[in-house]
Amino acid sequence: EAEVDVLAVEGLFAGVGFRYDVRKDGKTKNAGEENMKIALGVSYQVMPELKVSASGAFFTYYGEKVDPRFQAGAGVDYDLGDGLAASADFRYKSKSGKDGKKDKYSDNIAFSVGVTKSVSSNGLIGVAFEGTTNSGGFVELPGVKKDGEDPKFNWAIPIKFQVSF
């Protein structure tokens with residue numbers, strides 16, 4: 001694994017990462033698992049209260065003729081003042097497949113919209129709405145997707161409590 005962060009421009013953060021997994025039995029035992037990942041992330045502090053970000057990744061997998069996949073996303077964070085902040089995020093991951101034949105429900109779109117409020121000098125509370133298609137996205141949802149079935153849309157309302165000491 002390797003990662004490089006670039007901070008040469010004020011307010012701009014860029015990162016590039018690379019991971020390559022070497023296994024002897026990659027074509028048999030680990031078929032379908034990630035073999036290589038190249039990722040890029042960029043964020044820019046447009047003004048003190050607004051940050052925009054984008055990210056992307058390219059994946060290759062172990063196994064005979066397993067097609068590569070890509071992922072792309074964008075987000076925005078906005079400070080509303082008085083310790084209140086809003087955020088939104090959108091991501092897409094392409095379909096998986098073998099030898100050019102794509103699996104029907106393997107791609108996904110995920111999004112999140114949320115707010116946080118700082119409490120005292122060391123606390124934070126927050127709530128969001130997250131949605132995802134095809135049981136993918138921010139977190140894999142086990143048991144939701146059945147073979148050959150269209151899992152439609154799944155959602156969650158995460159609640160955050162944070163205390164720093």
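Coordinates for the structure precede this section.
Cut-offs and rules
Residues numbered from 1 in each chain as written. Predicted model: local features only at pLDDT ≥ 70, side-chain atom pairs only at ≥ 80, totals over all residues. Heavy atoms only, no water. Helix = DSSP H or I, 4+ residues; strand = E, 2+ residues; numbered from the N terminus. Buried < 20%, exposed > 50% of the residue type's maximum accessible area, 1.4 Å probe, protein only. Contact = heavy atoms within 4.5 Å. Areas by Shrake-Rupley, 256 points an atom, 1.4 Å probe, with all protein chains shown as cover. 1 Å grid on protein atoms, 1.4 Å probe; cavity = no way out; pocket = protein on both sides within 12 Å on 5 of 7 lines; lining within 4 Å. Points joined across faces, edges and corners; volume = space filled by probe spheres on them. Nonpolar A, V, L, I, M, F, W, Y, C, P; charged D, E, K, R; others polar. Pairing = 2+ DSSP bridges. Phe/Tyr/Trp six-rings, centres within 6.5 Å; stacked < 30°, edge-to-face > 60°. Lys NZ or Arg CZ within 6 Å of the ring centre and 35° of its normal. Salt bridge = Lys/Arg side-chain N within 4 Å of Asp/Glu carboxyl O.

Q: In this structure, what is going on with the overall build of the protein chain? I would like to understand it.
A: A tally of helices and strands in the protein chain yields 0 helices and 12 strands. Reading the protein chain from its N terminus to its C terminus gives the helix and strand order β-β-β-β-β-β-β-β-β-β-β-β. Put simply, the protein chain has 165 residues, and 25% of those count as buried. Taking the contacts inside the protein chain whose residues are at least 6 apart along the sequence as the reference set, 44% of them involve residues at least 24 apart. Carbon and sulfur atoms make up 60% of the accessible area of the protein chain, which totals about 11100 Å².

Q: So what exactly am I meant to see when it comes to the layout of surface pockets here?
A: Put simply, the largest pocket is a space of about 940 Å³. Taken together, 48 residues line the largest pocket, and the ones lying closest to its centre are Ser53, Ser55, Gln71, Asp89 and Arg91. Taken together, the residues that form the lining of the largest pocket break down as 21 nonpolar, 15 polar and 12 charged.

Q: How do you make sense of the pairing of strand β2 (residues 12-20) when you look at a structure like this?
A: Regular strands place their side chains on alternate faces of the sheet. Strand direction decides the pairing type here: strand β1 (residues 2-6) and β2, joined by 5 bridges, are antiparallel. What sits directly across from Asp5, in β2, is Gly15.

Q: Looking at this structure, I do not really get the packing of aromatic side chains. What am I missing?
A: To describe a pair of aromatic rings, one takes the distance between the centres and the angle between the planes. For the coordinates displayed, the defined rule picks out 3 aromatic pairs. Between Phe129 and Trp155, the ring centres sit 6.0 Å apart and the planes meet at 20°, which makes this aromatic pair stacked. A residue pair is termed long-range when its members are at least 10 positions apart, and Phe129 in strand β10 (residues 123-133) and Trp155 in strand β11 (residues 153-156) qualify at 26 residues. Through a chain of ring-to-ring contacts, the aromatic side chains of Phe111, Phe129 and Trp155 assemble into a single cluster. In this structure, Lys93 is placed above the aromatic ring of Phe59, and the distance from its NZ or CZ to the ring centre is 4.5 Å.

Q: It is not clear to me how the environment of Asn122 should be interpreted in this structure. Could you clarify?
A: Its place among the elements puts Asn122 in the loop between β9 (108-119) and β10. It is 5.2 Å that separates the C-alpha atoms of Asn122 and Ser164, two residues lying 42 residues apart in sequence. Setting aside residues no more than four positions away along its own chain, Asn122 makes contact with Gln162, Val163 and Ser164.

Q: I'm lost on the pattern of salt bridges in this one. Help?
A: Side chains that differ in sign of charge can pair as their charged atoms come close. Inspection of every chain in the model, using the stated rule, returns 2 salt bridges. The shortest N-O distance in the salt bridge between Asp77 and Lys51 comes to 4.0 Å. Of this pair, Asp77 sits in strand β5 (residues 69-81) while Lys51 sits in strand β4 (residues 50-61), placing them 26 residues apart in sequence.

Q: Even after reading the chapter, I still don't get unusual backbone geometry, so can you show me in this structure?
A: For Asp82, which is not a glycine, the phi torsion comes out positive at approximately 55°. Residue position: Asp82 is located in the loop between β5 and β6 (84-93). Asp82 sits in the exposed class, given a relative accessible area of 74%. Although it is not a glycine, Ser120 adopts a positive phi angle of roughly 60°. Mapping Ser120 onto the fold places it in the loop between β9 and β10.

Geometric descriptors of this kind do not, in isolation, establish any biological role.
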